[in-house]
Amino acid sequence: SSSASSSSSSSSSSVEQIPATTPTAPTATAPIQTLTSVQPSALLCSLNSVIRHSAGCLTPLWLALAQIRDLEHCSLARAYVLSTHGSLHSLCDQRITSLLHPSFRFANEIARQSTQQLLEVFHGWASIIKGKSRVHIRSCAVTNRRRGDLARHSHSGDSTVLIQWHTDYDCRDGAVFYGHGADLTGKSVRRFQVFASVLIRDGLIYRWTQRSDTVRRHLGVPPPTSYQ
């Protein structure tokens, strides 16, 4: 009995010494951290050949990569708005031109302008600003997303971004409306509405086509005689 008890005790003791282990499922933490540390453009380039040959089988992957590119292109359009309309008080030509394609062209209701011509317009506009200009981006989205675009064009493919925003600013004392001479002292612009279609090419803004409210109406400046 003593021997049996000893044996039982020994057995129990040996069982208790075995550590209990619970298998744990592998987590996706490490892969996610690894992917997010890779630049989206590098990720697109490295996987482009796979997508080109397997586009019919990798719809979810294609979708995810297309969304990454869409975000990059929307970010370009947003950066342009924030660097121009949103920074009239502190324009940085280098920052603006870094977003633009070498063959960039701007177009609105009345003008077609190159990069240099557009910068001159922004500096003229900035000269009437008191304090800071402010923008509120209401919407921004890529419009032309077709299955297979990424496979055919890779990261340098064209896409079109539509963006809508409004601009607010006050005019400094002594400011005059460019090309007219009307005194703008004490005047303010609120909710100046702008809508633009932006063509992105090679990861840069290639064409910027916009339609907007009229500054003259906001500032109470009469239209040119030729328009009357």
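Now for a description of the structure that goes with this document. (Residues numbered from 1 in each chain as written. Predicted model: local features only at pLDDT ≥ 70, side-chain atom pairs only at ≥ 80, totals over all residues. Heavy atoms only, no water.)

## Here's the deal with the sheet that holds strand β4 (residues 159-171)
The mixed open sheet is built from 6 strands, whose spatial order is β2-β1-β6-β5-β4-β3. At either margin of the open sheet sits one strand with a lone partner, and together these are β2 (112-113) and β3 (129-142). (Pairing = 2+ DSSP bridges. Helix = DSSP H or I, 4+ residues; strand = E, 2+ residues; numbered from the N terminus.)

## Notes on the pattern of salt bridges
Per the counting criterion, the structure on display carries 2 salt bridges. One salt bridge connects Arg 190 with Asp 170, and the closest N-O pair in it is separated by 2.8 Å. Of this pair, Arg 190 sits in strand β5 (residues 188-201) while Asp 170 is found in strand β4, placing the two residues 20 residues apart along the sequence. Residue class for Asp 170 comes out partly exposed when judged on its relative accessible area of 22%. (Salt bridge = Lys/Arg side-chain N within 4 Å of Asp/Glu carboxyl O. Buried < 20%, exposed > 50% of the residue type's maximum accessible area, 1.4 Å probe, protein only.)

## So, the nonpolar core
Grouped together as the largest cluster of nonpolar side chains are 42 residues, with contacts concentrated most on Tyr 80, Ile 163, Tyr 169, Val 198, Ile 205, Trp 208 and Leu 219. Of all the elements in the fold, those that place two or more residues in this core are α4 (59-83), β1 (100-107), α6 (115-126), β3, β4, β5, β6 (204-212) and α8 (215-219). Ignoring anything within four residues of it in the chain, the contact list for Tyr 80 reads Leu 99, Leu 100, Phe 106, Leu 118, Phe 122, Ile 205 and Trp 208. (Core = buried A, V, L, I, M, F, W, Y, C linked by side-chain atoms within 4.5 Å. Contact = heavy atoms within 4.5 Å.)

## Digging into the packing of aromatic side chains
In total, this model carries 5 aromatic pairs according to the counting rule given. Aromatic pair Trp 125 and Tyr 169: ring centres 5.7 Å apart, planes at 75°, arrangement edge-to-face. Here Trp 125 is found in helix α6, whereas its partner Tyr 169 is found in strand β4, with 44 residues between them in sequence. Tyr 169 matches Trp 125 in its accessibility class, with the two residues each being buried. Within the aromatic cluster, the residues linked to one another by ring pairs are Tyr 80, Phe 122, Trp 125, Trp 165, Tyr 169 and Trp 208. Positioned above the aromatic ring of Tyr 206, the side-chain terminus of Arg 201 is 4.1 Å from the ring centre. (Phe/Tyr/Trp six-rings, centres within 6.5 Å; stacked < 30°, edge-to-face > 60°. Lys NZ or Arg CZ within 6 Å of the ring centre and 35° of its normal.)

Shape is all these values report; function is a separate question.
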